[in-house]
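Descriptive structure summary
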Amino acid sequence: MEVSLQAQRPLSCKAVLNHTNGCFKIKPFLGSFPLARTTRFTPWRSECPASGLSHRVTASAADFSKRRQKRSPTPSSKGPASKGFTPKTQLGTSTQKRDQKNDSEKEDSSISTSSESTEPKKTEIELNNALEEESTVELYQKNKVDEGEKEDPEEDLSSRDKELAVGKSNQNMENGSIGKILEDVAELQKKETTSKIDTVSSPRAVASGGNNLSGTNTIDSVTVKDESVKSDEKISEDTSLKLKLEMEANLRKQEIEVLAEENVLRGNKLFVYPQIVKPDEDIEVFFNRSFSTLNDEPDVLIMGAFNDWRWRSFTKRLNKTNLEGDWWSCQIHILKEAYKMDFVFFNGQNIYDNNDRKDFCILVEGGMDVFAFEDFLLEEKRKELEKLAKEQAEKERKEEEQRRIEAEKAATEAERAQARIEVERRREILQELMKKAPRSVDNVWFIEPNEFKGGDKVKLYYNKNSGPLAHANELWIHGGHNNWNDGLTIVERLVRSERKGGDWWYVEVEIPDRALVLDWVFADGPSKVATMYDNNNYQDFHAIVPRSVPEELYWVEVEHMIFRKLQKERRLREEALRAKAEKTLRMKAEMKERTLKRFLLSQKHIVYTEPLDVHAGSTVTVFYNPANTVLSGKPEVWFRCSFNRWTHRVGLLPPQKMLPADNGSHVKATVKVPLDAYMMDFVFSEKEDGGIFDNKGGMDYHIPVFGGIVKEPPMHIVHIAVEMAPIAKVGGLGDVVTSLSRAVQDLNHNVDIIFPKYDCLKLNHVDLHYQRSYSWGGTEIKVWFGKVEGLSVYFLEPQNGFFWAGCVYGRGNDAERFGFFCHAALEFLQQGGFHPDIIHCHDWSSAPVAWLFKDHYMHYGLSKTRIVFTIHNLEFGAHFIGKAMAYADKATTVSHTYSKEVAGNPAIAPYLHKFHGILNGIDLDIWDPYNDKFIPISYTSENVVEGKRAAKEALQQRLGLKRADLPLVGIITRLTHQKGIHLIKHAIWHTLERNGQVVLLGSAPDPRIQNDFVNLANQLHSSHGDRARLCLTYDEPLSHLIYAGADFILVPSIFEPCGLTQLTAMRYGSIPIVRKTGGLYDTVFDVDNDKARAEAQGLEPNGFSFDGADSAGVDYALNR
């Protein structure tokens, strides 16, 4: 009986007995047996101790134990039991039986079968304690050779019979099995001989019948004889094979009997056969019930699995054997992936023998080891994940198809309803028109013939003197039908008629097929040329079509036509949206790929890999240049590596000495990447046992691994901030909080934001819900929840009025307000049961989170949380920033260059070991010219010229600037001294002097600066109104139009931690002009001076830059 179980260890296997022995493992027995070659004992392995176990049996040279055979029936014994082979009395040969059979055959058979007709051949069979298969096989093969030498079948059969008789008498075993084998062989030989006799006699019988012996008959006889020889050889081969199988079965039986006897004597309860267990072969497990806790149980079953209970479970019933003692057995197939088999015995219910709670185990030799099996499992998991991914993709495809079908159905119904409504509207108008429409108007117009239908040609007559066209040189008709349903369909020139009674003109027209009413006006020329019309006093001319199609049929056709038109328009819109969405995803993926490549190449002067993209399961070579690190000049470099942020199951790989590479000062090492890797982590050292390390300033080197079957576990990250775009944006901090959170969330991490509920929030597109309230600091705090740009945001509203101030900053108690908010945010996390991995606080306004957490919350429910503090601008709140630096686990700022610029600041200098510069970025979904609703034409790099031209024209039109192809400089900034306002003023005047246009968008928090720019704006608007416009306010849509429409974006900051303006400008195809400072230097590469620096980072020059903070520097950049 086999039962499929999950491949896991049963819970009860170790809990049944309270013994403490080691794992019951079966090891080889190398003792001696009567029927096997003698070898010496070897000790059991120390790692697998057990009591009551047998050793391994080593078989004879034929190695029968390696073959999988069925057990043969045991013949009855003909003598007392003894070990080995013993001589038996010779038995009669099978020739006697064959003689009796031949007596009944026809008398014309000329072949005698008596044993006396051949010279007997003596055969000696050497009997040893160890019986080997070759002795018997060689005997039979010898007889076969003798057969080939004899031409007379009579001699052949007699000789073979006597030899087999000798073999039988000399090789009888104690249970008579060999005698039985040889009797079967003789019987086969008898049949073989009979077949030969029949074959040879056949042509003689034909001859005696009076037929002439021809050459054909002779050939047939030879052919039959050849076939007989082949048949004889086949029978001989079958006989040899049968003999071999029988010998193997008997040897196996005797070995098992001896093993059972030995194990009973030793008190062992278990052995397996064969003793050397190999993968993808069958073994038989023998269990002595009398030595077990199952000794009184009627049923014995084995339950197990492979490889520490991790692979393919099984359950089988054992059967009682005929061996001496209470032995039970079953056959089990060892899987090819197995390195170990684990199992227990039980009664099918609740009584187990589990080797004193250690379980039984058998080691498998010659197959996988533990590590190979781990890789096998990973590969299996990868296949399973691929299968699940395909199934999920197919499921999603079907669901999407179902949604599409349902949406199509709903849209179709809506379009049919819309078509019906439109038809009813048109029908009412047309019916009202038909009531008033005449067939002719006396002295003005008439139609001949007066009875007509669709498709007919008629003449329409018009009296020129009846209207305003009396003095026109030409007359034209502009016509349509059914209240101009299809627009202008008739444009023809009238000719003068000879009709009397007025100045009559006529035109021949064809009546449209579905016309119920004709509509027209008269003009002095064709369409787009005419200047004067007769339109019947603004009522147009209308005439009934007397023999028109049935009205109901017409309106059915019109409804169908309207429906088809609506459907076509909708499908075109949907296809355009679908194509645009697909292109957006493709461009986003390409952008991510380029960004990753840039990141990998950005450190190429120190370290890089081949291939550049590291994939799980591949081999990768790491190249390292110690000349640019702390290991410069060291005689050796050692590579230390692991995976998955140093948490991989294999642990730290052994240190590897790096070898010289072909490219200069680089050294290299090769690593096999596991299938379950998602990150490759490494450092370098000067010695095998350590010494000086290059660990990238405490950050270690990390390279992402693609295609692994294990993904990086998601972290829970909570941002505590006081600015967030677009709901409460003052500066770049608000943009970063939103864009950084979205980027981290896109990496499958969980992100939450805790934010003050200002009374001035812009919640246009936020669905805000009240969640709960809690108390802290003597006040009630209401918690609201909403999604902002796809992010989960918890809004805290303390009822003490701290955030009912109408603004974000600018109150006299800002430090108190934000300090209260920071404490309330931590209290919210603790009371709400949150356990984030990281709390990320920003600038001075949320800096108190760092020390409040460490002093009040780290040991009270938030123990696993780490604090990350980011400096966006050191100009404000240096005291708070310094204190947060001391308490934070890691501190960052928003660019590499700015981190160096502020490294000497007293608030920063003591903590450089945990301070890192990480460059900011922008949200490519928010700032995307291909999907920007604030610009006239969507564009990509493929049509950037067309898109920017349209945006410039729209910008010029909106701001009242001259619509001309002039260089346009845009400035989008907060008007503060940090942003270089004196340089901005100079740049405006210099641009106008160079016959360019300039647009500024921004406002100043300082009223004096704001008034100064108001005066400048008034001056410029009066003197250069067609080329300058200063918009001193906050206007998000206008900022998008400026980024798209400007040729250049100026950012002349005195200092700039990072700057997002220049990044957004490049996103929209505008060229940045910047001062070399902070993040501006890290992101803009001058077209003339920074080619080498750009190339080192895998980039190209992308803008203009200048060094000084004076007008000469600005002029230098603008002039270029």
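Report follows, based on the coordinates. (Residues numbered from 1 in each chain as written. Predicted model: local features only at pLDDT ≥ 70, side-chain atom pairs only at ≥ 80, totals over all residues. Heavy atoms only, no water.)

**A look at the overall build of the protein**
The helix and strand inventory of the protein stands at 21 helices and 44 strands. Taking all 1120 residues of the protein together, 47% fall into the buried category. Across the protein, contacts joining residues at least 24 apart in sequence account for 69% of those joining residues at least 6 apart. Accessible area for the protein stands at about 55900 Å²; split by element, carbon and sulfur atoms hold 51% of it. (Helix = DSSP H or I, 4+ residues; strand = E, 2+ residues; numbered from the N terminus. Buried < 20%, exposed > 50% of the residue type's maximum accessible area, 1.4 Å probe, protein only. Contact = heavy atoms within 4.5 Å. Areas by Shrake-Rupley, 256 points an atom, 1.4 Å probe, with all protein chains shown as cover.)

**Regarding the sheet that holds strand 22 (residues 619–624)**
On the basis of which strands lie adjacent, the open sheet formed by four strands has the order 20-22-26-25 and antiparallel pairing. At either margin of the open sheet sits one strand with a lone partner, and together these are strand 20 (607–610) and strand 25 (659–660). Two strands pair when backbone bridges link them, and strand 25 and strand 26 (residues 667–672) are joined in this way by two bridges, in the antiparallel orientation. Each residue of the ladder has a partner; that of P660, found in strand 26, is V667. (Pairing = 2+ DSSP bridges.)

**Quick notes on the environment of I838**
If you trace the backbone, I838 turns up in strand 35 (residues 838–842). The spatial distance from the C-alpha of I838 to the C-alpha of H716 is 6.6 Å, given a sequence separation of 122 residues. In contact with I838, other than residues within four places in its own chain, are M715, H716, I717, V718, T865, R866 and V868.

**As for the environment of H913**
Within the element layout of this structure, H913 appears in the loop between helix 13 (896–901) and strand 38 (915–917). Overall, the relative accessible area of 56% leaves H913 in the exposed class. For the pair formed by H913 and G697, sequence separation is 216 residues and the distance between their alpha carbons is 7.2 Å.

**Observations concerning the side chain of S739**
The topology assignment puts S739 in helix 8 (residues 732–746). Of note is the side chain of S739, whose polar atom sits 2.8 Å from the backbone oxygen of D735. Excluding residues that lie within four positions of it along the chain, S739 makes contacts with G921, I922 and D923. (Polar contact = N/O pair within 3.5 Å; in protein donor to acceptor, adjacent residues only side chain to side chain.)

**Describing the pairing of strand 23 (residues 638–643)**
Counting buried residues in strand 23 gives six out of six residues, a clear majority hidden from the surface. With burial as the criterion, each face of strand 23 is covered, one bearing W638, R640 and S642 and the other bearing F639, C641 and F643. Where strand 23 meets strand 27 (residues 679–687), six bridges bridge the pair, whose relative direction is antiparallel. Its bridge partner being in strand 27, C641 is matched across the sheet by F682. In this structure, strand 23 lies alongside strand 24 (residues 656–657), joined through two bridges in antiparallel fashion. Directly across from F639, in strand 24, lies its bridge partner Q656.

**A few points about the packing of aromatic side chains**
All told, the structure shown has 48 aromatic pairs when counted by the stated rule. A centroid spacing of 5.4 Å and a plane angle of 65° characterise the contact between F345 and F360, whose relative ring orientation is edge-to-face. Taken together, the residues span a long stretch of sequence, with F345 in strand 8 (residues 340–346) and F360 in strand 10 (residues 360–363) at a distance of 15 residues. Arranged with centres 5.2 Å apart and planes meeting at 65°, the rings of F446 and W504 form a pair that is edge-to-face. A residue pair is termed long-range when its members are at least 10 positions apart, and F446 in strand 11 (residues 445–448) and W504 in strand 16 (residues 504–510) qualify at 58 residues. Residues F446 and W504 agree in their burial class; the two are buried. Here the aromatic cluster, defined as three or more aromatic residues joined through ring pairs, consists of F755, Y758, F795, F803, Y809, F818, F821, W844, W851 and F880. (Phe/Tyr/Trp six-rings, centres within 6.5 Å; stacked < 30°, edge-to-face > 60°.)

**Points about the packing of helix 14 (residues 944–959) against helix 17 (residues 1036–1045)**
A pair of packed helices can be characterised by two numbers: the angle between their axes and the separation between those axes. In contact at an axis separation of 8 Å, helix 14 and helix 17 are set at 130° when each is read in the N-to-C sense. With respect to helix 17, the axis of helix 14 lies oblique. As helix 14 packs across helix 17, the resulting crossing turns out to be left-handed. Each of K948, A951, K952, A954, L955, R958 and L959 in helix 14 lies in contact with helix 17, whose residues at this interface are L1038, L1041, I1042, Y1043, A1044 and G1045. (Axes fitted to C-alpha atoms, helices over the stretch in contact; angles between N-to-C directions. Parallel < 35°, antiparallel > 145°, perpendicular 65-115°, else oblique. Left-handed = near helix turned anticlockwise from the far one by under 90°.)

**Details of the nonpolar core**
Among the nonpolar cores identified, the biggest contains 62 residues, and F755 and L796 are the most heavily contacted of them. Tallying contributions element by element places helix 9 (residues 814–831) first for this core, with nine residues. Those residues in contact with F755 that sit more than four places away from it in its chain are A721, V722, E723, M724, I727, A728, L761, V793, Y794, F795, L796 and F821. (Core = buried A, V, L, I, M, F, W, Y, C linked by side-chain atoms within 4.5 Å.)

**Some points on the pattern of salt bridges**
Any two side chains of opposite charge can pair if their charged atoms end up close together. Summed over the entire model, instances satisfying the criterion amount to 54 salt bridges. A salt bridge links R514 to E557, with the nearest nitrogen and oxygen atoms 3.2 Å apart. Taken as a pair, R514 in the loop between strand 16 and strand 17 (517–523) and E557 in helix 7 (residues 551–602) lie far apart in primary sequence, 43 residues in all. Accessibility expressed as a relative area gives 37% for R514, which makes it partly exposed. Overall, E557 belongs to the partly exposed group, its relative accessible area being 30%. Salt-bridge contacts for K854 lead to D889; the nearest nitrogen and oxygen are separated by 3.5 Å. (Salt bridge = Lys/Arg side-chain N within 4 Å of Asp/Glu carboxyl O.)

**Details of helix 11 (residues 848–857)**
Counting buried positions along helix 11 gives eight out of ten residues, so the element sits mostly inside the fold. All of the buried residues in helix 11 are P848, V849, A850, W851, L852, F853, K854 and Y857.

**Let's talk about the packing of helix 6 (residues 370–436) against helix 7**
Remark: helix 6 packs on helix 7, axes separated minimally by 8 Å, with the N-to-C direction vectors making an angle of 135°. As far as their axial angle goes, helix 7 and helix 6 are oblique. The handedness of the crossing between helix 6 and helix 7 is right-handed. In the contact of helix 6 with helix 7, the residues fall into eleven nonpolar, four polar and twelve charged. (Nonpolar A, V, L, I, M, F, W, Y, C, P; charged D, E, K, R; others polar.)

**Describing unusual backbone geometry**
For the peptide bond that leads from E610 to P611, omega is 0°, which places it in the cis range. On the secondary structure map, P611 appears in the loop between strand 20 and strand 21 (614–615). For the bond from A725 to P726, the omega torsion is 0°, close enough to zero to count as cis. Inspection of the secondary structure puts P726 in the loop between strand 30 (716–720) and helix 8. A positive phi angle, close to 65°, is found at W309, a residue other than glycine. On the secondary structure map, W309 appears in the loop between strand 4 (301–306) and strand 5 (311–317). For W309, a relative accessible area of 6% gives the class buried.

**Describing the pairing of strand 40 (residues 997–1001)**
Across a regular strand the side chains alternate sides, sitting on one face of the sheet and then on the other. Within strand 40, five of the five residues are buried, which leaves it mostly tucked inside the rest of the structure. Taking every second residue as pointing to the same face, both faces of strand 40 are buried, with Q997, V999 and L1001 on one and V998 and L1000 on the other. Note that strand 39 (residues 968–972) and strand 40 share five bridges and pair parallel. Note on strand 40: the bridge partner recorded for I971 is L1000. Two strands pair when backbone bridges link them, and strand 40 and strand 41 (residues 1028–1031) are joined in this way by four bridges, in the parallel orientation. Opposite L1001, over in strand 41, you have C1031 as the bridge partner.

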